[in-house]
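Listed here are the chains, written in short residue letters.
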Amino acid sequence: MFHLIFGLPSLYVIARVLWPLPWPLVLKAGVAVLLLIASQYHLWSRLSSGSVFAPEFPRVLIVLFNWAFGAIFLVSAMQLALDVAALASRLAPGGGWAISTGWRYAEAALAMLLSAVAVQQAVRIPPLKDVTVEIDNLPARFEGYVLLQLTDLHLSRLFPAAWAREVVTRSNALGVDLIVITGDLIDGSLASRRADVEPLRALDAPDGVWVIPGNHEYFFEYAAWMRHYADLGMGVLANRHTVLRRADDALILAGVTDVSASHSGQPAHDLDAALAGAPPDAPIVLLDHQPKDAAKAAAKGVALQLSGHTHGGMIVGLDRLVARANGGFVSGAYAVGGMTLYVNNGTGLWPGFALRLGPPSELTRITLRAGALRRAE
């Protein structure tokens, strides 16, 4: 069913864009076959690795698949808009506008161009984004504290060791106090991705590098990956916390497992367990891969929640659907009760839909500042 659903746009493009063109039948048939092959990218991924989430093709082929898949997606949306317009014109008095061959060539060319841009935006090294967050009870010694959030790296054949090494180099050059990674570091087994994640060993910050699992960790040898992240020198916050200190001042950094964890027979998402034993008056920074439970975190007194998972919605328009699936949250900062939720667009992207048109990837440098209540004291 999954593969049939993804094949429907290509069938629509074949019927409404390709077949009306004045081309020889053999040429149209050949292009139709290529479109059907491209539309089944996830099937070929599953056959290559056993999972739709980890294509094990050469990187150039993954790039081409995403480009073709994206072009099909875009041209089908454009053709649907043209068909609606043509139908509306026929219903209007004196109407009857027909879609010309020129329109079909133009939409196909535009879709291929936009898809190429979308793939380039997806696979680039992300630019730096600076964010300031105010916390009312921020201790004085944590004023101006700077952390870097990475998320959704999806290290894979598409985002290999060379890409990861450049991300690490740029991250370390920022000189932040703390680095956090909010899940979905990988796509693939430990045996397949060991070399691709190795550059993360070089990540360095005075208060350490801390990581939580995302939903993709549960697709691939969860326990082995958690051990390996620890072996790389990262602290794993799976329903637990650590206390960051500056003399007598404290800041709690807590992390939870993904909300999907229990479906894989792993420890369930448990914020109470993550906060158990934490100093009662210290502000809490929570790492939670998915943003949908932000209201529950706010009710527990969390000051700042850092999430990812949504990839920012990836494409303008599609982001509204992604928001609906994530409690209304998709990109950027939100006020949730007395808490700030920041939803990162992602450092990388799932290689099964590596397209960005609008929402950019980001290296997110977050500076903590005392809120109005603290400044008024």
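Residues numbered from 1 in each chain as written. Predicted model: local features only at pLDDT ≥ 70, side-chain atom pairs only at ≥ 80, totals over all residues. Heavy atoms only, no water.

Trainee: So what about the packing of aromatic side chains? Which residues, and what values?
Mentor: Given two aromatic rings, their pairing is described by the distance between the two centres and the angle made by the two planes. Within the structure shown, the criterion is met by 15 aromatic pairs. Measuring from centroid to centroid gives 5.9 Å for Phe57 and Phe65, while their planes differ by 35°, and the two rings are tilted. Among the residues examined, Phe57 registers a relative accessible area of 14% and is labelled buried. In this structure an aromatic cluster arises from ring pairing among Phe6, Phe69, Phe73 and Phe353. Positioned above the aromatic ring of Trp19 is the side chain of Lys28, whose terminal nitrogen or guanidinium carbon lies 5.1 Å from the ring centre. (Phe/Tyr/Trp six-rings, centres within 6.5 Å; stacked < 30°, edge-to-face > 60°. Buried < 20%, exposed > 50% of the residue type's maximum accessible area, 1.4 Å probe, protein only. Lys NZ or Arg CZ within 6 Å of the ring centre and 35° of its normal.)

Trainee: Lay out the sheet that holds strand β12 (residues 363-370) in plain terms, naming residues and giving numbers.
Mentor: The mixed open sheet is built from six strands, whose spatial order is β1-β12-β2-β3-β4-β5. Two strands in the sheet have a free side with no partner beyond their single neighbour: β1 (128-135) and β5 (235-236). (Pairing = 2+ DSSP bridges. Helix = DSSP H or I, 4+ residues; strand = E, 2+ residues; numbered from the N terminus.)

Trainee: Pulling in residues and values, what's your account of helix α6 (residues 161-172)?
Mentor: With twelve residues, α6 should reach 16 Å at 1.5 Å per residue; the first-to-last C-alpha distance of 16 Å fits that figure. For α6, the full list of buried residues reads Ala161, Trp163, Ala164, Val167, Val168 and Ser171. Relative to the axis of α6, the buried residues are bounded by an arc of 160° and lie together on one face. Buried-residue contacts for α6 involve α5 (101-123), β2 (146-150), α7 (190-197) and β12. (Expected span 1.5 Å × (residues − 1). Arc of directions from axis to C-beta. Contact = heavy atoms within 4.5 Å.)

Trainee: Pulling in residues and values, what's your account of the packing of helix α3 (residues 41-49) against helix α4 (residues 59-91)?
Mentor: Running from amino to carboxyl end, α3 crosses α4 at an angle of 155°, the nearest separation of the two axes being 10 Å. Here α4 runs roughly antiparallel to α3, going by the angle between their axes. Seen from α3, the contacting residues are Tyr41, His42 and Trp44; seen from α4, they are Ile62, Phe65, Asn66 and Phe69. A class-by-class count of the residues in the contact of α3 with α4 yields five nonpolar, two polar and no charged. (Axes fitted to C-alpha atoms, helices over the stretch in contact; angles between N-to-C directions. Parallel < 35°, antiparallel > 145°, perpendicular 65-115°, else oblique. Nonpolar A, V, L, I, M, F, W, Y, C, P; charged D, E, K, R; others polar.)

Trainee: Tell me about the pairing of strand β9 (residues 304-307), and please be specific about residues and values.
Mentor: Because side chains alternate across β9, one face comprises the buried residues Leu304 and Leu306, and the other comprises Gln305 and Ser307, equally buried. Running through helix α10 (residues 294-299), the crossover from strand β8 (residues 284-287) to the neighbouring parallel element β9 is right-handed. Relative to strand β11 (residues 339-343), β9 runs parallel, the two being bridged by four bridges. Note that in β11 the partner of Gln305 across the bridge is Leu341. (Right-handed = clockwise from strand over helix to strand, strands pointing away.)

Trainee: Go over the packing of α4 against α5 with me, naming the residues and quoting the values.
Mentor: It is at 8 Å that the axes of α4 and α5 come closest, and there the two elements cross at 135°. Accordingly, the angle class assigned to the pair α4 and α5 is oblique. The element α4 and its partner α5 pack so that their crossing is right-handed. Here α4 contributes Arg59, Val63, Asn66, Trp67, Gly70, Ala71, Leu74, Val75, Met78, Gln79 and Leu82 to the contact with α5, which in turn contributes Trp103, Arg104, Glu107, Ala108, Leu110, Ala111, Met112, Leu114, Ser115, Ala116, Val119 and Val123. Each residue belonging to the contact of α4 with α5 can be placed in one class, and the counts come to 16 nonpolar, four polar and three charged. (Left-handed = near helix turned anticlockwise from the far one by under 90°.)

Trainee: Pulling in residues and values, what's your account of the UniProt feature "transmembrane region" (unreviewed entry) in the chain?
Mentor: Cross-referencing UniProt, the feature "transmembrane region" (unreviewed entry) maps to residues 25-44 and 60-82 in the present numbering. Annotated as 95% helix and 0% strand, the span residues 25-44 places its first and last C-alpha atoms 27 Å apart. Measuring from the first to the last C-alpha atom of residues 60-82 gives 33 Å, for a span that is 100% helix and 0% strand. (UniProt positions renumbered as here; feature names shortened; annotations may be inferred.)

Trainee: I'd like to hear about the nonpolar core, residue by residue, with values.
Mentor: Nonpolar side chains in soluble globular proteins generally cluster together in the buried interior. Among the nonpolar cores identified, the biggest contains 67 residues, and Leu150, Leu155, Ile181, Tyr229 and Met234 are the most heavily contacted of them. The element contributing the most residues to this core is α4, with eight residues. In this view, Tyr229 contacts Leu185, Ile186, Val211, Glu217, Met234 and Val236; residues no more than four positions away in its chain are not counted. Formed by 23 residues, the second largest nonpolar core is a distinct cluster that contains Val133, Leu138, Leu147 and Trp210. (Core = buried A, V, L, I, M, F, W, Y, C linked by side-chain atoms within 4.5 Å.)

Trainee: For helix α2 (residues 25-39), give the residues involved together with the corresponding values.
Mentor: With 15 residues, α2 should cover 21 Å at 1.5 Å per step; its first-to-last C-alpha distance of 21 Å lies within 8% of that length. Among the residues of α2, Lys28, Ala32, Leu35, Ala38 and Ser39 are the ones counted as buried. The buried residues of α2 occupy an angular sector of 125° when projected down its axis, which confines them to one face. Away from the buried face of α2 by more than 90 degrees, exposed residues Val26 and Leu34 are located.

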